[in-house]
Amino acid sequence: MTSPLPATFNLRAYQPEDLPAVVALFQASVSQLTTEHYDAAQRQAWSPEVADLQAWQTRFASIELLIAEDGCAIAGFIGYSLDGHIDLLFTAPGFARQGVASALYAAAEQRLRAAGVRELHTEASLVAQAFFAGQGFSVQQAQTVTRGAVILPRMLMGKILEPR
Ligand SMILES: CC(C)(COP(=O)(O)OP(=O)(O)OC[C@H]1O[C@@H](n2cnc3c(N)ncnc32)[C@H](O)[C@@H]1OP(=O)(O)O)[C@@H](O)C(=O)NCCC(=O)NCCS
């Protein structure tokens, strides 16, 4: 019996025409991959049913965005800024636990190192906390975000990039 090969994903820069697919992936990811830690009201507050595409477009314009693709399907994306902030990291439900976020994070970290960044931080969801811990981040502070009447817990996490 042969063991399955590890999945490989093509990584590329975000293009403006990716906007609807990336936002749809975000909505599916929040709705399906966070149920263990966030209830329906919290998921709805995090990702309203009708997304504000204009707001997303503005947000995406101010950060670096990398897309992971499997064939022509978008499997995940990461957003970060060159001050070391990992802003967004989302995997499509059908690609969860196949190394998509790991591949995206590795590429982003490599780019941030090359840009001279020495310290990373992220506001990790409770779902992503274990992922970031596995990447060498440690919890700096428990935080909450308030959206209307709903409170979402998250963790401020950081990582020092040691020279290689
Ligand atoms: C967190 C998230 C990005 C991880 O994406 P992924 O592509 O499934 O992650 P990977 O396959 O690269 O996982 C690598 C390792 O991280 C850890 N990990 C990933 N997801 C995990 C989870 N839900 N629970 C516990 N550990 C997890 C595991 O150690 C995993 O290795 P393993 O699968 O061999 O056990 C994805 O679950 C997601 O999009 N979640 C919903 C949205 C979210 O919370 N995004 C983060 C916002 S800050």
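Please refer to the structure placed before this passage.
Residues numbered from 1 in each chain as written. Predicted model: local features only at pLDDT ≥ 70, side-chain atom pairs only at ≥ 80, totals over all residues. Heavy atoms only, no water.

1. Structural notes on the side chain of Ser-125
Along the polypeptide, Ser-125 turns up in strand β5 (residues 119-125). Apart from residues lying up to four places away in sequence, Ser-125 is in contact with Tyr-38 and Trp-46. (Helix = DSSP H or I, 4+ residues; strand = E, 2+ residues; numbered from the N terminus. Contact = heavy atoms within 4.5 Å.)

2. Topic: the pattern of salt bridges
Applying the stated criterion across every chain yields a total of six salt bridges. Between Glu-109 and Arg-113 there is a salt bridge whose closest N-O contact spans 3.1 Å. Of this pair, Glu-109 and Arg-113 both sit in helix α4 (residues 100-114), separated by four residues, roughly a single helical turn. Each of the two residues, Glu-109 as well as Arg-113, counts as buried. Close ionic contact of Glu-109 with Arg-164 constitutes a salt bridge, the shortest N to O distance being 3.4 Å. In this pair, Glu-109 sits in helix α4 while Arg-164 sits in the segment after β7 (150-160), placing the two residues 55 residues apart along the sequence. Judged by relative accessible area, which is 5%, Glu-109 ranks as buried. In this structure Arg-164 comes out as exposed when scored by relative accessible area, which is 80%. What you see here is one network of salt bridges that share partners, running through Glu-109, Arg-113, Lys-159 and Arg-164. (Salt bridge = Lys/Arg side-chain N within 4 Å of Asp/Glu carboxyl O. Buried < 20%, exposed > 50% of the residue type's maximum accessible area, 1.4 Å probe, protein only.)

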